[in-house]
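Fold and contact review
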2 protein chains.
Amino acid sequence: MDEIDRNLTVALQLDGSAGLAELAKVAGLSVSATAERVKRLEERGVIRGWRADLDPAQVGCPLLAHVLAAVAPGREDASFRKAVRRQEAVLECHAVTGSWTYLLKLRLPDLAALDQFLNEELRLLPGVQRVETLLTIATVKESSILPVAPADPEE
Amino acid sequence: MDEIDRNLTVALQLDGSAGLAELAKVAGLSVSATAERVKRLEERGVIRGWRADLDPAQVGCPLLAHVLAAVAPGREDASFRKAVRRQEAVLECHAVTGSWTYLLKLRLPDLAALDQFLNEELRLLPGVQRVETLLTIATVKESSILPVAPADPEE
DNA sequence: ACTGAAACCACGACATA
DNA sequence: TATGTCGTGGTTTCAGT
C-alpha cells in the first residue's frame, strides 16, 4: 500500500469505469503494471467489489432515517443482530458508545414503510427497550468516498 | 423504470464489473439492448457513477463515528454546511428531526484524528451549541446496496 | 424498442528486463 | 516488480425488424 496504490484507490472510488489506460496516467505507470496493481488490490481485499452508485430517490427509496435503539444485553443481542441483517431497508447497523446500544441507518419508500418497520419489526425484536427515530429532512452531504489516509509508517 | 431496469440496477449494485453478456442473461435481453438500457440509466441519473468498494480499515480509516450536533438556526447554518462538505472525514451530514440539528458520519484513522476534528473543526464552527459523539464499537451491518423498490404505479 | 453482426478497443497473458 | 507485444473477448455501433 504505497503512494501509487493510494492514488489508484482514490481514483477508483471516484470513477470505477475509468479504464486502465486512464488509470495508468494517474499512476504514472504502464498499463500492464497498473493492471497488476489493481488485481493485487482486489486480491488483498482492499477493493471489495465494484458497484453502481444509484440515486436513492430514483429507485423508490427517497426516505432516509436513523434509529437509535437501546437493547438489553445478553443472549437476545445475537438474535437482534441477525434480524437486522436480514432487513433490506437497514443499510447500516452499528453498536455504539453512549446511552444507546445501536444506531441504524434506513432507506425506505415512504413513511408508511418506516412506521411498519418500527412497529412490526424493530419493536417486536426481543430485548429492544427504547427506540428513537431521527428522520432526515435534508441531506447536506452523502458520500461513499473514503478518505484514503496517507502513509502509515508501520506498513 | 420497469421490471427489467429494476433487475439491472439490483445486479449492478451487487457487481458492477459483471459485463454486458452476463447482464443480458439477467435481463432476458440481447447484449445490445442491455447496453442501451444501462446507458439510459446513466443518462437519467439513476446510475450516478461506478465506484470501487474499498475496505475502510485497509485504506487507513478503521474508525467510524457518528456525531449529533445542535446548531443555532439562522445565517450561520449555511457556513456550517459549507464547512462540513469540505471535510473529507465527513462521509455524511443530514439535517434531522428531533432535539438535534445534524447527524454526521465520520471515517477516521484514529482517536487522535477524531479529537482533532471535534475540537479543532466542528466545535469552532459558528452556531454549534452542543455535540454528542457515538463511537462505533462494532459494525453489525454496513451495506451500500439500496433496496430497489418494486413498481410504483405513478410512473 | 429489441435483435444480430461487424468493427473496434481494451483487457489479460506472456516473454523480457 | 515494471514494460511492451500479441491474441482474445467484450463493448459499441449500425442496419434491420
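Residue indices begin from 1 for each chain and proceed along its sequence in written order. Chains carry letters and ligands carry numbers; both start at the beginning, A for chains and 1 for ligands, and go up in the order they are written. Local features in a predicted model are, by the rule used here, given only for residues with pLDDT of at least 70; side-chain atom pairs are given and counted only at 80 or more, and totals for whole chains, interfaces and linings are based on all residues. The basis for every side-chain value is the complete set of heavy atoms in the structure, and neither hydrogens nor water enter the calculation.

**Looking at the domain arrangement of chain A**
For clarity, the cut-off: As used throughout, domain bounds are those supplied by an automatic or database domain assignment.
Looking at chain A, the domain boundaries give domain 1 (3-43) and domain 2 (63-135). Look at where the C-alpha atoms of domain 1 of chain A and domain 2 of chain A centre, and you get two points 38 Å apart.

**Digging into the sheet that holds strand β2 (residues 63-71) of chain A**
For the record, the criterion: In short, DSSP must find at least two bridges between two strands for them to pair. The way it works is that DSSP assigns letters per residue, a run of H or I at least four long becomes a helix, a run of E at least two long becomes a strand, and they are numbered from the N terminus. To get an axis, a line is fitted to the C-alpha atoms, and for a helix only the part in contact is used. The angle between two axes follows their N-to-C directions and goes from 0 to 180 degrees.
Around the barrel, 8 strands lie side by side as β2(A)-β4(A)-β3(A)-β5(B)-β2(B)-β4(B)-β3(B)-β5(A); this closed barrel has antiparallel pairing. When the angles between neighbouring strand axes are averaged without regard to direction, this sheet yields 35 degrees. The pairing of strand β2 (residues 63-71) of chain B with strand β4 (residues 102-108) of chain B spans 7 bridges and is classified as antiparallel. Looking across to β4 of chain B, one finds that A65 of chain B is bridged to L106 of chain B.

**Here we look at empty space enclosed by the protein**
We apply this condition: Cavity means a closed set of points on a 1 Å grid over the protein atoms alone, one where a 1.4 Å probe fits but cannot get out, pocket means an open set with protein on both sides within 12 Å along at least 5 of 7 lines, and lining means a residue has an atom within 4 Å of a point. Grid points are joined across faces, edges and corners, and a volume is the space filled by probe spheres set on the points. Residues were grouped as follows: Ala, Val, Leu, Ile, Met, Phe, Trp, Tyr, Cys and Pro as nonpolar; Asp, Glu, Lys and Arg as charged; and all remaining residues, including Gly, as polar.
Scanning all chains against the criterion turns up 2 cavities of 30 Å³ or more. Considering only enclosed or pocket space, the largest cavity measures out at about 40 Å³ in volume. Surrounding the largest cavity, A83, V84, Q87, F117, E121, L122 and L125 of chain A form its lining. Of all the elements in the fold, those that place two or more residues in the lining of the largest cavity are α4 (76-86) and α5 (111-122) of chain A. Looking at the lining of the largest cavity element by element, the count peaks at 3 residues for α5 of chain A. Taken together, the residues of the lining of the largest cavity sort by class into 5 nonpolar, 1 polar and 1 charged. In this model, the second largest cavity occupies a volume close to 30 Å³. Surrounding the second largest cavity, H66, L68, L103 and L134 of chain A together with H66, L68, L103 and L134 of chain B form its lining. Taken together, the elements giving at least two residues each to the lining of the second largest cavity come down to β2 of chain A together with β2 of chain B. Residues that form the lining of the second largest cavity fall into these classes: 6 nonpolar, 2 polar and no charged.

**As for the layout of surface pockets**
Looking at the largest pocket, its volume works out to about 790 Å³. Mapped onto the lining of the largest pocket, the elements with two or more residues apiece are β1 (47-54), β3 (90-96), β4 (102-108) and β5 (128-142) of chain A together with β1 (47-54), β3 (90-96) and β4 of chain B. Classifying every residue of the lining of the largest pocket gives 11 nonpolar, 7 polar and 15 charged.

**Focus: the relation of the copies chain A and chain B**
So the rule is basically this: The fit set for superposing copies consists of C-alpha atoms from residues with pLDDT of at least 70 in both; the fit itself is least squares. Residues are treated as being in contact if the distance between any of their heavy atoms lies within 4.5 Å.
The two copies are related by a screw motion: chain A maps onto chain B through a turn of 180 degrees and a shift of 0.0 Å along the axis, at an RMSD of 0.1 Å. Considering both components of the superposition, the chain copies are consistent with a two-fold axis. Closest approach to the rotation axis among the C-alpha atoms of chain A is made by R51 of chain A, whose C-alpha sits 2.7 Å away. In this assembly, 100% of the residues forming the interface of chain A have copies in chain B that are likewise at the interface, indicating an isologous arrangement.

**Regarding the environment of Q13 of chain B**
Here is the rule: Exposed residues in this analysis have more than 50% of their type's maximum accessible area, buried residues have under 20%, and partly exposed residues fall in between, with area computed by a 1.4 Å probe over protein chains only.
Mapping Q13 of chain B onto the fold places it in helix α1 (residues 3-14). Taking relative accessible area as the criterion, Q13 of chain B reaches 2% and is therefore assigned buried. In this structure the C-alpha to C-alpha distance between Q13 of chain B and P56 of chain B, which are 43 residues apart in sequence, comes to 18 Å. Ignoring any residue separated from it by four or fewer positions in sequence, one finds Q13 of chain B in contact with W50, R51, A52 and L54 of chain A together with S144, I145, L146 and V148 of chain B.

**Remarks on the protein's contact with DNA strand C**
The condition is simple: We define proximity as follows: a residue is near a molecule or strand when any one of its heavy atoms falls within 4 Å of that partner. Think of a polar contact as two N or O atoms within 3.5 Å of one another; within protein, one of them needs to be a possible hydrogen donor and the other a possible acceptor, and neighboring residues in sequence only count if both atoms come from side chains.
Surveying the vicinity of DNA strand C reveals the residues G19, L20 and A21 of chain A together with L29, S30, S32, A33, R37 and R40 of chain B. In this structure, S30 of chain B approaches DNA strand C through a main-chain N or O atom, which is 2.6 Å from a phosphate oxygen. Here a phosphate oxygen of DNA strand C sits 2.7 Å away from a polar atom, N or O, in the side chain of R37 of chain B. Those elements giving two or more residues to the surface near DNA strand C turn out to be α2 (20-27) of chain A together with α3 (31-43) of chain B. Sort the elements by how many residues they give to the surface near DNA strand C and α3 of chain B lands first, with 4 residues. Its residues assigned to classes, the surface near DNA strand C shows 4 nonpolar, 3 polar and 2 charged.

**Things to note about the protein's contact with DNA strand D**
Inspection of the region around DNA strand D gives L29, S30, S32, A33, R37 and R40 of chain A together with G19, L20, A21, V31 and S32 of chain B as its neighbouring residues. The share of sugar and phosphate among atoms of DNA strand D within 4 Å of the protein is 61%. S30 of chain A is positioned with one of its backbone polar atoms (N or O) 2.6 Å from a phosphate oxygen of DNA strand D. When contributions to the surface near DNA strand D are tallied by element, the ones reaching two or more residues are α3 (31-43) of chain A together with α2 (20-27) and α3 of chain B. It is α3 of chain A that contributes the most residues to the surface near DNA strand D, 4 residues altogether. Grouping the constituent residues of the surface near DNA strand D by class yields 5 nonpolar, 4 polar and 2 charged.

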